[in-house]
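# Architecture at a glance
Below, each chain spelled out in residue letters.
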Amino acid sequence: MGSPEGRFHFAIDRGGTFTDVFAQCPGGHVRVLKLLSEDPANYADAPTEGIRRILEQEAGMLLPRDRPLDSSHIASIRMGTTVATNALLERKGERVALLVTRGFRDLLHIGTQARGDLFDLAVPMPEVLYEEVLEVDERVVLHRGEAGTGTPVKGRTGDLLEVQQPVDLGTLRGKLEGLLSRGTRSLAVVLMHSYTWAQHEQQVGALARELGFTHVSLSSEAMPMVRIVPRGHTACADAYLTPAIQRYVQGFRRGFQGQLKDVQVLFMRSDGGLAPMDAFSGSRAVLSGPAGGVVGYSATTYQQEGGQPVIGFDMGGTSTDVSRYAGEFEHVFEATTAGVTLQAPQLDINTVAAGGGSRLFFRSGLFVVGPESAGAHPGPACYRKGGPLTVTDANLVLGRLLPASFPCIFGPGEDQPLSPEASRKALEAVATEVNSFLTSGPCPASPLSLEEVAMGFVRVANEAMCRPIRALTQARGHDPSAHVLACFGGAGGQHACAIARALGMDTVHIHRHSGLLSALGLALADVVHEAQEPCSLLYAPETFMQLDQRLSRLEEQCVDALQAQGFPRWSQISTESFLHLRYQGTDCALMVSAHQHPATACSPRAGDFGAAFVGRYMREFGFVIPERPVVVDDVRVRGTGRSGLRLEDAPKAPTGPPRVDKMTQCYFEGGYQETPVYLLGELGYGHKLHGPCLIIDSNSTILVEPGCQAEVTETGDIRISVGAEVPGTVGTQLDPIQLSIFSHRFMSIAEQMGRILQRTAISTNIKERLDFSCALFGPDGGLVSNAPHIPVHLGAMQETVQFQSQARPHCFLGTRDLVWIWETWVGGADRVGQGLSDDTVHPAVTEALRAPGKVPNCSGTRNLHDNLSDLRAQVAANQKGIQLVGELIGQYGLDVVQAYMGHIQANAELAVRDMLRAFGTSRQAQGLPLEVSSEDRMDDGSPIRLRVQINLSQGSAVFDFSGTGPEVFGNLNAPRAITLSALIYCLRCLVGRDIPLNQGCLAPVRVVIPQGSILDPSPEAAVVGGNVLTSQRVVDVILGAFGACAASQGCMNNVTLGNAHMGYYETVAGGAGAGPSWHGRSGVHSHMTNTRITDPEILESRYPVILRRFELRRGSGGRGRFRGGDGVTRELVFREEALLSVLTERRAFQPYGLHGGEPGARGLNLLIRKNGRTVNLGGKTSVTVYPGDVFCLHTPGGGGYGDPEDPAPPPGSPPQALAFPEHGSVYEYRRAQEAV
C-alpha cells in the first residue's frame, strides 16, 4: 500500500462481544490480539486499547491509558465495526424526524404491509426509526401526456415529469423551526419520485441546513433508486445511524495525538470495500463487521484452492454467517436488517440464528436448536452465570471443547474456567424430558445416554446450518458439493467436518488466523468508491451512446475520488462498470458487469452487457426471453484503489512429526474415542493429522472427525480432506434425533423444489410474486412438508392430492408422470406424461388451458406460452423432488423414509394434542365447560357457526360448523379445503411455536362441515371470494371460540383495475386484532393473506393512476385495554378510463372485540367523481371510472381486547430470549414467499 517503512498497520474488527486486532509491525511480522469490546472498568475504547497494547509490547515501554497515543509510528488503521448494527438492533440511534410528501405520513410504518411472522397473532414488527413526521406540500408525477397538464420537465432517468405542486418552503420553515425547538437535529427527507427529480429534496435540504439541522439525509442522495419505501428506510437509517457513527469516530480520534491527522484511517463498508472515515455513513455500515470475513477468505482460501468456489462459514456465538465467493463478490442491493429494508450495495451475507449460544429444547418429541440465543450474558450454562443449555454446552459435554484452552473469564467474578459440570447438569434436565418421552411416548424405546442426547443436538444444529447453504448455492444454479468450505469464527471449527460431509464437500479450509479472519480481511481489503444513478432507457443500439456517456461520467467521479485519497491513476486504480438490467414487464433485475464480455460492434463501448445479462439469466433461471426488450434500471461504476497489505509472516517449518500436546476423550457416533490434541502454533508445513483429533489455538478449536485428515499448507493454514461418512443403521422405529434430522431434510427437499420452480418459471406470479407452494406427500397422499407456508395452501394441497389419488389411482403409479388437476367441469384430470418436458406439448394441455373460453362470459388462457413454460417448470421442480427423495431412500431405505414421514406427521399431531389438552385444562381450572362456540356473519348475513368440543383425556377436539349458512348465489362460497387451511393456520397459531405443518395437525381433530353450506358448496358454486374473504371470517370464528384475540380486519380488500391494454390487482392492509397482552398492529395484512403491496413509485410508473393518499385510518381500531390496530386510507386518482372492481367484506358487520373490547370500524369504499359527486360503492361491485375520478378505500380496523376502562400496562414488554435477526438473500427469499 506504499506506506513508509518502520510504521505499524492495524486492522481491527470491533465485534459485539470481542474486538480482534491484526497488526503488521515494522519488519513485516504480525501480531494478533483479542480483547473484550466493552470493558469500561479497564478502558474506554477497545480498538484504541488494542493498538496501545501492541505498541507497548513492541516498544517495550509503558504507554499510560489516560494519555492520547503517539500516532507517529502508525501508518494506517482499518476498522470494521458493529456500532451501526448494534444501534439499529437496539434502537439507540439519533433522534430523527421524517419529512415526506403529503398523504404518505405512515408510508414507512405500513411498508410492504406484509407481517414478518405468519403465525404470531401479536404481529411483532420493529418500530420505525423516526420520532416525528412532517408532511411536505409538494408533488411530482410522471407525465402521461394528458391535456392541460403544462410543460413537462425531464428527470435524470430521462423520464418526463409534471410538477403538480412546487415545494411550499414558507409553510415548511415554520414546521422545521418547531422541530428544532423540540430538540430534533437530524432529518430524513423522502419525497415521491425524488430518485429522478431531486430538486424538491434539495430545496428542503438547503432550508433545513440553513436553519441549523446538523444532519440531513436526502433519499435521492442516500440511494437514488426507484421505490420510495426502501429508499425512505435507507434515508431514515442514514439519518438515524450516521450521527452515532460520527460521534464514535470523533471519540476514537481523540484517543490519539493530533487526532490521527497524518494516519490513513479507513472503515469497512457493507459492500466489502474500505472508505475514509469522513465518508463512512450509517446506511453503508450495517455489515461492516462481517464483510471483513468475506474479504478475508476471498483473498486467501479462494486463491490457495486454485480458484475453486468457496462457501464462507462464520459461526459465532449467537448466529452463523454464510456467504459465497467464486472470483467476484456477490452483492445484493436491497436487504433487511433489524426490520429496516436498506437500498445499498451489500455483500450477500446470510445470517441465520444458529450459533454456539443457540438454545437447545426438546418439544413434543422433537430436538430443537434455536432460534433463541443465550447471548453474551448470561451466556451458555458453562459460563457459570445461570445460563441455559446451548450448542456450546453440548460440544463441551462431548469433549470437543477443552476448558483448559479457554481463559479464566467466566462466572460472576469473571475469574473462573468453563464449567463442564454446569453443562452436564443443564443437559441432564433436558435428557430427562427426552427419556420420559421415549419410555412412555407413543412408540416406547430405550432411553438415551447423556452423550447421545448431546450428539443428537449437535447433529440437528448441523442440519439446520446446512439448509441456508443449500439455498444460497442452489438459488443461483450452483451445486454445493462443488465448493470448498472456508471455516472461521470461534465456533465453526467444531462443526466444519460434519457440515462439509452433509453437503458433499470434500475440502475444508481453515486459515491460520481463522479466529480473527474478519480483521485479516480488513488488512487485505481495497479502498472502494462507488457512483450510481437511476436510468429508464432500453438496452438497445440507439441508447448505447447515452449509456457510455453516463458510465464515463460515473467512472470519472470514482477516479477523482480515489485520486484525492492519494491513489495514482494507472498503477492502483481500476474501475468496473455495471448495468442493472431486467426484461421489460418483469421485476427480476440483475446487476451485471461486462468485465468478461468485451465490447463488440453491437454493444456499448464499455462492454457487451447484453451477453452478460443473457448468460447470467440463463444460468440462474434456466431460460431467456429473447423477444422481450431489456430495460436499464440503474447505471453503476465501482472504483477500486488497490491497497491491501502484503503479508510476509512465513509459517513455521516442520522439525519432525507433530507433537501431541495431550490425549483426551471425544464422543462420536458409537462412543468415546481416544483423541490427540495438537497446538496450532507448533504445527508446520506438511504436517498431516488423522482424525479424530483436536487442533487448538488461543482463538478457536478445530475438530477433525474420524475418517478425515488435516494437513498444514505452505501458508500455515489447515486443509481438511473430508472422508465419506460411515453409514449408520437407522431403523423404522421412532428415534427423536433422526426425527429432527428428517424434519430438516424433508423441509429442505420442499425448499429446493421451490428454488427450481422459481428459477425456471417465467410468469410474474411464480417468479416474482412467489405465489406457489411445493410439498412432499406420504404414500397415502398426506402432507409431510411444504415450503413456503402460504396459509391458504396448507389444507388445499393435501385435499387435492388425496382426492385425485383416490379418484384416479392409475394416474399415480409412475414417478415420471405429471398429473394435471383441473376442475371437473373443464374436462377432468389428464395424465400428460412426458409431453411437457419435451419440445412438443400434449394436445390435452393446450385444450384444457383454452377450455374456459368455451364457457359464456369467461375467457381461456391469454398467454399460452407462459402457461406452458410454467408447467414445464413445475415438472422440473417435481423431478428435483423425485431425485432428492430417491437419494434419501438410497441412503436410508424406502421403509425408513416412509416410516419417518409417518413419524413427522405424528409429531405435528402430538403438538396439537398438547395444545388442546393445555387449553382444556386451563378452562377446567377456571370452572368453565370444555365446549366453546363462536359465530360471525358475512356482510350478506350468512352465518358461520362453530362449536368446539374438547376431549381432555385424548387431547382431541370436534370442530362442528353445523348451523353455518347455505351456499350463496355470489362468489363467497369456500370449498372444504379452504376451511381446512384456515383450521390448520389457527391450530399452528394456537400452538405458538414452530411445528411441522402437515397432515398430522388435523389428526386430533374431527371437522364437521354441512354439505351444501357456504363452507362446502356444490361443484358448480362460484368460489373466488371464498378464498380471499370467507377464509378470513372462518379464522375469526375459530380464534374467537378459543378467545385467542379479537377479530382482525377480516378482509383482504381486493381491488382490480383494467382496460384494453393494462390490468392491475392489489390487496390492501387493515387493522389486526388486539390480544391478551398486545395492541393490534395497524396497517398490516392478517391471517390468510400476507401479500406485499406495490411500491407507490412503481404503481405510478406502470399504471395510469396517481396514489394521492396512503396512510393509517386513525381511530378505526376498536377501543379496549389493548386497542385494535387501525386500518388504512388509500386514494387512487385515475388518469385513464378503466373498469374498477372491488371485492371486500366487513362493510356491514364490524370486526368483533373480545372480553369487553370494542369492535373495529367497518370498511368503506367511496368513488368521488371528477365533478365532486361521492358514491358509496358497497362491498362488491364493478364500475367504470374516468380520468379525474378518485377511489377512496377505507379498510376496517381490528377489534379491541379487554375493558377500555381497564388501563393497559405501561409501555415496554417483558425481556425475551435473544434471537438474532436473520439477514441475506435466503432470508429475503423466504420473506417474499411468505408475503403471498
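Every residue gets a number counted from 1 within its own chain, in the order that chain's sequence is written. With pLDDT at 70 or above as the cut-off, local features in this predicted model cover only qualifying residues; side-chain atom pairs require 80 or more to be listed or tallied, and sums for whole chains, interfaces and linings still use all residues. Excluded from the side-chain calculation are hydrogens and water; included are all heavy atoms of the structure.

Moving on, we come to the overall build of the chain. Looking only at helices and strands, one finds 27 helices and 53 strands in the chain. The size measure is the radius of gyration over C-alpha atoms, and the globule rule it meets is 2.2 Å times the number of residues to the 0.38 power. On C-alpha atoms alone, the chain measures out to a radius of gyration of 31 Å, which is about the 33 Å that the 2.2 N^0.38 rule sets for 1236 residues. Principal axes of the C-alpha set define a box for the chain whose edges measure 90 × 80 × 70 Å. Throughout this description, buried means an accessible area under 20% of the type-specific maximum (1.4 Å probe, protein chains only), exposed means over 50%, and partly exposed covers the range between. Per-residue burial over the chain gives 60% buried out of 1236 residues. Using a 1.4 Å probe, the Shrake-Rupley method yields the accessible areas, and only the shown protein chains count as cover for residues. Roughly 46,700 Å² of accessible area belongs to the chain as shown, and the carbon and sulfur atoms make up 51% of that amount. Asp and Glu are treated as the negative residues and Lys and Arg as the positive ones, with His and the ends of the chain left uncounted. Every charge is mapped to an atom, namely NZ of Lys, CZ of Arg, CG of Asp or CD of Glu. Side-chain charges in the chain split into 108 positive and 127 negative, and the spacing between the mean points of these groups amounts to 3 Å. Strands are runs of DSSP state E lasting at least 2 residues, helices are runs of H or I lasting at least 4, and numbering of each runs from the N terminus.

The next point concerns the sheet that holds strand β32 (residues 693-696). Strand pairing is assigned whenever DSSP identifies at least 2 bridges connecting the two strands. Reading across the sheet, the four strands line up as β29-β30-β32-β33 and stay open at both edges, with mixed pairing between neighbours. In the strand order of this sheet, the two ends are held by β29 (662-668) and β33 (701-704), each with one partner. The mean inter-strand angle of the sheet, taken between neighbouring strand axes irrespective of direction, is 30 degrees. Strand direction decides the pairing type here: β29 and strand β30 (residues 671-679), joined by seven bridges, are antiparallel. Bridge pairing links Met663 to Pro676 in β30. Angular values range over 0 to 180 degrees, each being the angle between N-to-C directions of two axes fitted as lines to C-alpha atoms, with helices fitted over their stretch in contact.

By salt bridge we mean one thing: a side-chain nitrogen of Lys or Arg within 4 Å of a carboxyl oxygen of Asp or Glu. Per the counting criterion, the structure on display carries 57 salt bridges. Between Arg95 and Glu131 there is a salt bridge, with its nearest N and O atoms 3.0 Å apart. Pair noted here: Arg95 is in the loop between α2 (83-90) and β5 (96-101) and Glu131 is in the loop between α3 (107-110) and β6 (132-136), with a separation of 36 residues, a long-range link. Under the relative-accessibility criterion, Arg95 is labelled partly exposed at 35%. Among the residues examined, Glu131 registers a relative accessible area of 48% and is labelled partly exposed. One salt bridge in this structure joins Glu533 and Arg550, with 3.7 Å as the shortest N-O distance. Remark: Arg550 occurs in helix α15 (residues 544-564) and Glu533 occurs in strand β25 (residues 527-534); sequence separation between them is 17 residues. Across the pair, Arg550 and Glu533 agree in class, each one buried. By sharing partners, the salt bridges in this structure join Glu49, Arg52, Arg53, Glu56 and Arg65 into a single network.

Our focus in this paragraph is the domain arrangement of the chain. Domain limits in this description derive from either an automatic procedure or a database domain assignment. Each assigned domain of the chain is listed with its residue range as follows: domain 1 (103-226), domain 2 (352-513 + 650-722), domain 3 (527-641), domain 4 (767-851 + 860-891), domain 5 (893-1044) and domain 6 (1047-1235). Between the C-alpha centres of domain 1 and domain 3 the distance comes to 28 Å. We call two residues contacting when some pair of their heavy atoms lies within 4.5 Å. Counting residues at the interface gives eight residues for domain 1, matched by eight residues for domain 3. Where domain 1 abuts domain 3, roughly 640 Å² becomes buried across the two surfaces, and 54% of that area is made up of carbon and sulfur atoms. Our count for the contact surface shared by domain 1 and domain 3 stands at zero salt bridges. Polar contact is the term for a pair of N or O atoms within 3.5 Å; when the atoms are in protein, one must be able to donate a hydrogen and the other to accept it, and sequence-neighboring residues count only if both atoms are side-chain atoms. Counting across the domain 1 and domain 3 interface gives three residue pairs in polar contact (both at pLDDT 80 or more). The quantity reported as buried area is the accessible area (1.4 Å probe) lost by two parts once they are put together, taken as the sum for both.

Time to look at a nonpolar patch on the surface. Judged by side-chain polarity, Phe18, Leu36 and Ile409 come together as a nonpolar surface patch covering roughly 210 Å² of accessible area. Tracing the sequence through the fold places Ile409 in the loop between α10 (391-397) and α11 (420-440). By relative accessible area, Ile409 is classed as partly exposed at 36%. Like charges are joined within 9 Å and nonpolar side chains (Val, Leu, Ile, Met, Phe, Trp, Tyr) within 5 Å, but only among residues with over 30% relative accessible area and no salt bridge; these make up the patches.

Before going further, it helps to examine the pairing of strand β44 (residues 1054-1059). Examined bridge by bridge, β44 and strand β45 (residues 1062-1067) share six bridges and lie antiparallel to one another. Its bridge partner lying in β45, Asn1054 is registered against Thr1067. Turn length for the β44-β45 hairpin, with the two strands adjacent in sequence and antiparallel, is two residues. One ladder, built from five bridges, connects β44 with strand β48 (residues 1138-1143); its direction is antiparallel.

What follows is about the packing of aromatic side chains. Each Phe, Tyr or Trp ring, with Trp reduced to its six-membered ring, pairs with another whose centre is within 6.5 Å; inter-plane angles below 30 degrees give stacked pairs, above 60 give edge-to-face pairs, and intermediate values give tilted ones. Using the criterion set out here, one finds 22 aromatic pairs in the structure. Both rings, one in Phe252 and one in Phe256, keep their centres 5.2 Å apart while their planes meet at 70 degrees; by these two values the pair is edge-to-face. In this structure, Phe252 and Phe256 share a single accessibility class: buried. Between the aromatic rings of Phe362 and Phe367, the centroid separation amounts to 5.5 Å while the plane-to-plane angle is 85 degrees, which identifies the pairing as edge-to-face. Pairwise contacts between aromatic rings join Phe362, Phe367, Phe437 and Phe457 into one cluster. Between Arg363 and the ring centre of Phe361, over which it is positioned, the NZ or CZ distance is 4.1 Å. Cation placement over rings: the criterion is NZ of Lys or CZ of Arg within 6 Å of the ring centroid and within 35° of the ring normal. Taking NZ or CZ as reference, Arg1130 lies 4.5 Å from the ring centre of Phe1110, over its face.

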